[in-house]
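Okay, here's what each chain looks like letter by letter:
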Amino acid sequence: GDSVTQMEGPVTLSEEAFLTINCTYTATGYPSLFWYVQYPGEGLQLLLKATKADDKGSNKGFEATYRKETTSFHLEKGSVQVSDSAVYFCALSDPGNAGNMLTFGGGTRLMVKP
Amino acid sequence: NAGVTQTPKFQVLKTGQSMTLQCAQDMNHEYMSWYRQDPGMGLRLIHYSVGAGITDQGEVPNGYNVSRSTTEDFPLRLLSAAPSQTSVYFCASRTSGGNEQFFGPGTRLTVL
């Protein structure tokens, strides 16, 4: 079946540091890829997405590129802020699966210190 | 638009009790789903529905029942709660042709 693996956290960075959170996947079909963010005490919000190989999703300074050859979708940001502290989830939806529902990675907690 | 709403926000149950977690959406989305979130395991799909009257099992359906009598509502029932069902539960919805899911704020359930 499908699966998503992302780096374990917590990741602790100083403000303005460069961020990378690794995400790799396995899928039977041609999935769409997503990054969701969960701020403390809240539900999940879509951060960015990519629907086909070589697509780059971007939002709020975050970027991720759909790499089919390495089955990866790493999240990057050039300069993190304290307000970016949250849990980040990599996910995929595979049209080959019934209902095309999301498969999530385990989540990575990011802590940004002033 | 309220989006996806869930009630209650918090709940404590004793082993063996039953309860229903409520989920509603006002976006006329055909697809609705329930996930549970456990530390280090991300979110796992419990049940989903592709339209009123149609439901199916996800990855971890045991111990949970669902029904979908209207487009707007998708309740999740725990018939006999167990400590292993202590978790945070999220409801989500999307259109049939889209792939972006919209999540509710979650219900934190503790089973003693």
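See the structure printed just above.
First things first, this report covers the structure right here in the doc.

Cut-offs and rules
- Residues numbered from 1 in each chain as written.
- Chains lettered and ligands numbered in written order.
- Predicted model: local features only at pLDDT ≥ 70, side-chain atom pairs only at ≥ 80, totals over all residues.
- Heavy atoms only, no water.
- Helix = DSSP H or I, 4+ residues; strand = E, 2+ residues; numbered from the N terminus.
- Contact = heavy atoms within 4.5 Å.
- Pairing = 2+ DSSP bridges.
- Axes fitted to C-alpha atoms, helices over the stretch in contact; angles between N-to-C directions.
- Buried < 20%, exposed > 50% of the residue type's maximum accessible area, 1.4 Å probe, protein only.

**Some words on the side chain of His29(B)**
On the secondary structure map, His29(B) appears in the loop between strand S3 (19-25) and strand S4 (31-37). With residues up to four places along the chain from it excluded, the contact list for His29(B) reads Arg68(B), Thr71(B), Ser93(B), Arg94(B), Thr95(B) and Phe102(B).

**Some remarks on the sheet that holds strand S9 (residues 75-77) of chain A**
All names here are of chain A. Read across the open sheet, the four strands follow the order S3-S9-S8-S7; overall the sheet is antiparallel. Since the sheet does not close on itself, it has two edges, and those belong to strand S3 (19-21) and strand S7 (56-59), each with one partner. Here the average twist between neighbouring strands, direction ignored, is 15°. With three bridges connecting them, S3 and S9 associate as antiparallel partners. By the bridge assignment for S9, Thr20 is matched with Glu76.

**Some thoughts on the pairing of S4(B)**
Residues and elements named next belong to chain B. Across the seven residues that make up S4, a large majority, seven, are buried. Across the two faces of S4 the burial is the same, with Tyr31, Ser33, Tyr35 and Gln37 and Met32, Trp34 and Arg36 all buried. Here S4 runs beside strand S9 (residues 87-94); their pairing, made up of seven bridges, is antiparallel. From the neighbouring strand, Tyr31 faces S9, where its bridge partner is Arg94. When S4 meets strand S5 (residues 43-51), the two strands line up antiparallel, connected through six bridges. Considered in S5, the bridge of Tyr35 is made with Leu45. The antiparallel hairpin formed by S4 and S5 contains five residues in its connecting segment, where Gly40 sits at a positive phi of about 75°.

Just geometry here; none of it tells us what the structure is for.
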